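Secondary and tertiary structure notes
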Amino acid sequence: MGLRGAAMEPFIKLFGDLLVFVYHCFDRIVIHGYLSGLSRPEQVVHFFRCIVGVPVISKEVLSQRTADYQKWVEAFARNHNIPIEWAEKGVRKEEYVHPWLRKMVRKNAFGVYFVFKSMEQGPSFRVTVPKFPTKDPNHRILARQKSRFTHDYFYIRDEVLGPFVMRVATFFPFQTTYYLNGHSFIEQELNRANIAFRKNDNAFLGVENVEALQAAADKLSPAIIRGRLDYWTFILGPKFSDKERKKINLSRFYSISQIEYCRNFIFKRHFPIHKIFERSCELGLWRLTANKISEIFGQRLHRKISGKLATVIDQIEHGHHVYRAYFKHAFLKQYEKFSTFLRNELCSNNLKDFGLKKSLDNLQAVREKFQTITDRFAGFQAQWLNVHVDFPLLQRIALPITVGSVRYPGIKIHETRVIRLMEVLLHGGTHVGGWPAKEIHEAVLTTFELSEKRYRLNQLRYDLRKLKGHGLLERDGPRYAYRLTTKGVDVALLFLFFHKRLCGPLANSRFHHQPDAQRRPDSRLEAAYHRADAAIQKVVDLLAAA
């Protein structure tokens, strides 16, 4: 079922029978790349003056580098037959380029498959002439600033990392940003190991070997990421001559800007996922207080805490809700997706909130810290959910349903005719091929000593159609012979047990005769009824007090 922490054990014990497997991994990772030799103004001055040989640094000198790089990008796209377009407002880039990615997957090809150009704000340098004369007439002042200029988005399918995006700022200091997904890396690892799996978007819904899936997730390391990012940055990034590369350090320093770590619970059926998520939202909104949130995140709560500290439910799209618990600049979120899995995901926009450094080399420390937090969150949820909650079977079955063009009325638990019919059908174990309607009718009349006027054959057929419409009864092939389905047997037992074993004795003790607890017979059944009676009275008292 995949690796799990000690704090999450209650969740696995509580829902283990409903789960197929559990796995955890990095999801979205956003990494910034900085040229270590050209990040500060004095480094840029040294580069142009001492290495390039430009005595006066001006805006035109910096812009020329941008123009040269943009021409190279256009030539690269033209030579490799890669589409290059300007991004339009309101268009989701990932969805727009998806057809080109599918072509690459079908061909089993790797490389760049699309380039988007976009005008965005980014870090740059401002060149100004000194206000007062200096000894050096070529002296210029370089200062950091935010400005709006062209950014190039390269959509890449890598043989190790899978599909990812590389954004290059086309103005000095040429900052790069990389958008990775841990699920894409896992997919490539499983393909290389020839392990069968079923994946939908960014989630694995089925896998041949769960241990191999988790091992692939844990394999993602700083060395692997850095190697692939260095390769593609050298191929697609800003161009420098051999002379320039030899005289200045043009390696990139990588830092984590945003990171998400998810824990995925793959269920056998959709129904428990929706109920668990609904109940988690209800309980979390009023049980997950500030103290609990800080405990889950492993931080001490104090008055000067910065950022958010709250729980909310967001509606991302119609019918898709996300539960979030905010702490500083991070948040835990839970949602159900594709009707098959429940996901707990920890998202961070600033690793300082966790006492972690943002360097890519600290990825393992981030993994361990985020595993612990998601473990605690699942453990807290298990404590909340390990209680008696309402199960709306009786409510659902009492409502009318429509199957095709036919509308069937609901089945009420107090309907005497239905209770009698269910009891007769439950005792039909010898009728392997099912019961014809006439035999059922005779059995009901005989068992309960009824006349045909009190329960006519047409009334029976009406009740049979109602049970069949709710999936409690089925026909034996083309024959008009009936037997209870598996669900029908469970519902019939529930109805009968409710009336005969619970409702009857308890009602007698409440309204007719209250047994003396001190002089009860030495019977385990009678003791159980006394305990049930006392428990119900306690529930009534608690409800009255509330």
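This report concerns the structure included in the present document. From a predicted model like this one, the values you see are computed outputs, not experimental measurements. (Residues numbered from 1 in each chain as written. Predicted model: local features only at pLDDT ≥ 70, side-chain atom pairs only at ≥ 80, totals over all residues. Heavy atoms only, no water.)

**A few points about empty space enclosed by the protein**
The method is simple in principle: a probe with the dimensions of a water molecule rolls over the atoms, and the space it marks as empty is what remains. Going through the model one piece at a time under the given rule, you end up with one cavity of 30 Å³ or more. Here the largest cavity defines a volume of roughly 50 Å³. Taken together, Leu161, Pro163, Phe164, Leu180, Asn181, Gly182, Phe185 and Leu220 form the lining of the largest cavity. Contributing elements (two or more residues each) for the lining of the largest cavity: strand 5 (162-169), strand 6 (176-181) and helix 5 (182-192). (1 Å grid on protein atoms, 1.4 Å probe; cavity = no way out; pocket = protein on both sides within 12 Å on 5 of 7 lines; lining within 4 Å. Points joined across faces, edges and corners; volume = space filled by probe spheres on them. Helix = DSSP H or I, 4+ residues; strand = E, 2+ residues; numbered from the N terminus.)

**Let's talk about the pairing of strand 1 (residues 19-35)**
Across the 17 residues of strand 1, 14 count as buried, placing the element largely inside the fold. Examined bridge by bridge, strand 1 and strand 9 (residues 252-267) share 14 bridges and lie antiparallel to one another. What sits directly across from Phe21, in strand 9, is Ile266. Of the pairings in the sheet, the one linking strand 1 to strand 6 comprises six bridges and is antiparallel in character. Bridged to Arg28 within strand 6 is Asn181. (Buried < 20%, exposed > 50% of the residue type's maximum accessible area, 1.4 Å probe, protein only. Pairing = 2+ DSSP bridges.)

**Section: the pattern of salt bridges**
Once their charged atoms are close, side chains differing in charge can pair, the charge on each being opposite to the other. Throughout the structure, instances matching the rule amount to 19 salt bridges. Here Arg65 makes a salt bridge to Glu244, at a shortest N to O gap of 2.6 Å. Of this pair, Arg65 sits in helix 3 (residues 59-79) while Glu244 sits in helix 8 (residues 242-247), and the two are 179 residues apart along the sequence. Just as Arg65 is buried, Glu244 falls in that class too. Residue Asp463 pairs with Arg417 through a salt bridge whose shortest N-O separation is 2.9 Å. With a gap of 46 residues between them, Asp463 in helix 15 (residues 457-469) and Arg417 in helix 13 (residues 416-426) connect regions that are remote in the sequence. Under the relative-accessibility criterion, Asp463 is labelled buried at 2%. (Salt bridge = Lys/Arg side-chain N within 4 Å of Asp/Glu carboxyl O.)

All quantities given are derived from atomic positions and should not be read as evidence of function.
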